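The residues making up each chain are set out below.
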Amino acid sequence: MGSSTGMVSIPGGEFLMGSNDFYPEESPAHRVSVDGFWMDERPVTVAEFQRFVDATGFRTVAERKPDPALYPDADSELLVPGSLVFLPTAGPVDLSDYRNWWSFVPGADWRHPEGPDSGLVGRDEHPVTHVAFEDASAYAGWVGKDLPTEAEWEYAARGGLEAKTFVWGDEFAPGGATMANTWQGEFPWENLALDGYERTSPVGSFPPNGYGLFDMAGNVWEWTMDFFTPRHSQANSCCVPSNPRVASPDASYAAGEPGAHIPRRVTKGGSHLCAPNYCLRYRPAARQGQAVDTSTSHIGFRCVFRPGANSQPRGNRDYE
Ligand SMILES: [Cu+2]
């Protein structure tokens with residue numbers, strides 16, 4: 001394998017995972033080691049996902065009618081196929097309530113990223129969006145790969161740099177360069193698009209990190225297989241955990257919030273909606289808990305391959 005396969009070899013090693021300098025869920029920073037693995041150079045694109053759907057007839061969560069038995073408290077008008085779409089507001093709003101800019105749009109799905117009247121023209125090379133965890137997982141299985149653990153994702157994102165704020169270093173815009181698709185202006189109403197993109201961008205539009213991986217910051221959040229925890233667990237001081245993963249959903253539920261009974265998995269990398277006045281999460285340590293059944297216009301994914309653990313990958317780019 002090499003870069004012509006669309007995957008990059010990530011050498012095993014040890015790193016400082018998390019950060020004590022930003023949001024509580026990223027702390028405490030702690031040392032972790034991961035074995036070597038291969039990772040998709042870019043997020044999975046619309047064109048790649050299309051091939052999977054064409055070959056399998058797969059229907060994503062957003063394209064199915066939700067089972068009312070699983071959502072006893074839901075409005076029946078929301079129990080239709082659809083997904084969450086970001087809609088900019090006319091002016092400044094209360095930033096503590098995400099419902100000001102996220103709308104459940106019936107008919108929004110990966111083929112219709114802004115709703116039924118939108119489509120995929122010109123977006124073949126954009127990351128696929130509106131994928132719930134099981135959609136990402138199904139794609140990964142089909143190509144003979146897997147989804148990364150949070151530790152693998154963060155280790156790869158850091159690109160060999162130790163404890164830097166961003167995947168390229170400590171400065172957001174080194175020498176004035178735009179390094180990622182984030183939000184410029186005041187979120188969620190003033191989208192200046194100084195980076196050239198109001199929403200998603202073709203994968204690989206910005207410089208790669210030290211391992212040759214593109215879009216490890218911004219563009220779309222990416223699913224990992226770990227369940228969310230409100231903080232990292234404090235590593236045992238005697239030893240560095242090796243290939244850690246959070247395999248229990250127990251700490252992931254968002255008590256007291258809508259959908260509190262749905263487990264949450266970790267998403268990484270931030271998106272084109274991350275803005276300095278709202279969400280500084282275009283950083284490798286950043287993480288969010290995302291309900292596994294929820295898809296949005298700013299979440300995608302990429303896959304990994306663990307030699308010895310998976311069968312030979314297929315179906316993606318040059319593997320066929
Ligand atoms: Cu954000």
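No experiment lies behind these values; they were computed from the predicted model shown. (Residues numbered from 1 in each chain as written. Predicted model: local features only at pLDDT ≥ 70, side-chain atom pairs only at ≥ 80, totals over all residues. Heavy atoms only, no water.)

A. Layout of the pairing of strand β7 (residues 221–227). Within β7, seven of the seven residues are buried, leaving the element largely enclosed by the surrounding structure. Burial of the side chains of β7 extends over both faces: Trp 221, Trp 223, Met 225 and Phe 227 are buried on one face and Glu 222, Thr 224 and Asp 226 on the other. (Buried < 20%, exposed > 50% of the residue type's maximum accessible area, 1.4 Å probe, protein only. Helix = DSSP H or I, 4+ residues; strand = E, 2+ residues; numbered from the N terminus.)

B. A look at the packing of helix α1 (residues 46–56) against helix α2 (residues 133–142). At a minimum axis distance of 11 Å, the contact between α1 and α2 shows a crossing angle of 80°. Taken together, the axes of α1 and α2 are roughly perpendicular relative to one another. Contacts from Glu 48, Phe 49, Arg 51, Phe 52, Ala 55 and Thr 56 in α1 reach Asp 135, Ala 138, Tyr 139 and Trp 142 in α2. Class assignment for the residues of the contact of α1 with α2 results in six nonpolar, one polar and three charged. (Axes fitted to C-alpha atoms, helices over the stretch in contact; angles between N-to-C directions. Parallel < 35°, antiparallel > 145°, perpendicular 65-115°, else oblique. Contact = heavy atoms within 4.5 Å. Nonpolar A, V, L, I, M, F, W, Y, C, P; charged D, E, K, R; others polar.)

C. Just α2, in detail. Of the positions making up α2, those classed as buried are Phe 133, Asp 135, Ala 136, Tyr 139, Ala 140 and Trp 142. Tucked inside the fold, the buried residues of α2 contact α1, β7 and β8 (264–268). Positive phi shows up at Gly 144, right after α2, with a value of about 75°.

D. Spatial organisation of unusual backbone geometry. A cis amide bond links Ser 27 to the next residue, Pro 28, at an omega of -10°. With respect to the element layout, Pro 28 can be found in the loop between β2 (13–17) and β3 (30–34). A cis geometry characterises the amide bond from Phe 187 onward to Pro 188, with omega recorded as -5°. Considering the arrangement of structural elements, one finds Pro 188 in the loop between α3 (150–158) and β7. With a phi angle near 55°, Ala 163 is a residue other than glycine that sits in the positive phi range.

E. Summary view of the pattern of salt bridges. On inspection of all chains with the given rule, the structure shows 19 salt bridges. The residue Arg 64 makes a salt bridge to Glu 134 at a minimum N-O spacing of 3.1 Å. Residue Arg 64 is found in the loop between α1 and β5 (82–86), and its partner Glu 134 is found in helix α2; the two are separated by 70 residues along the sequence. Of the residues examined, Glu 134 reaches a relative accessible area of 42% and is grouped as partly exposed. A salt bridge links Glu 154 to Lys 268, with the nearest nitrogen and oxygen atoms 2.8 Å apart. With Glu 154 in helix α3 and Lys 268 in strand β8, the pair connects residues that are 114 residues apart, well separated along the chain. Put simply, Glu 150, Glu 154, Arg 158, Lys 268 and Arg 287 are held in one network by salt bridges that share partners. (Salt bridge = Lys/Arg side-chain N within 4 Å of Asp/Glu carboxyl O.)

F. Local environment of the coordination of the copper ion. Donor atoms from the polypeptide that coordinate the copper ion comprise Cys 274 (SG) and Cys 279 (SG), at 2.1 Å from the metal. For the pair formed by Cys 274 and Cys 279, the shared burial category is buried. (Donors = N, O, S within 2.8 Å, 3.2 Å for Na, K, Ca; no water.)

G. Representation of the sheet that holds β7 within the structure. Pairing is mixed across the open sheet formed by four strands, whose spatial order is β9-β8-β7-β10. Among the strands making up the open sheet, the edge pair consists of β9 (287–291) and β10 (299–300). The sheet contact formed by β8 and β9 spans five bridges and is antiparallel. The residue of β9 that forms the bridge with Arg 264 is Ala 291. (Pairing = 2+ DSSP bridges.)

H. Quick look at the side chain of Thr 229. Mapped onto the fold, Thr 229 is located in the loop between β7 and β8. Setting aside its immediate chain neighbours within four residues, Thr 229 contacts Val 246, Ala 251 and Arg 287.

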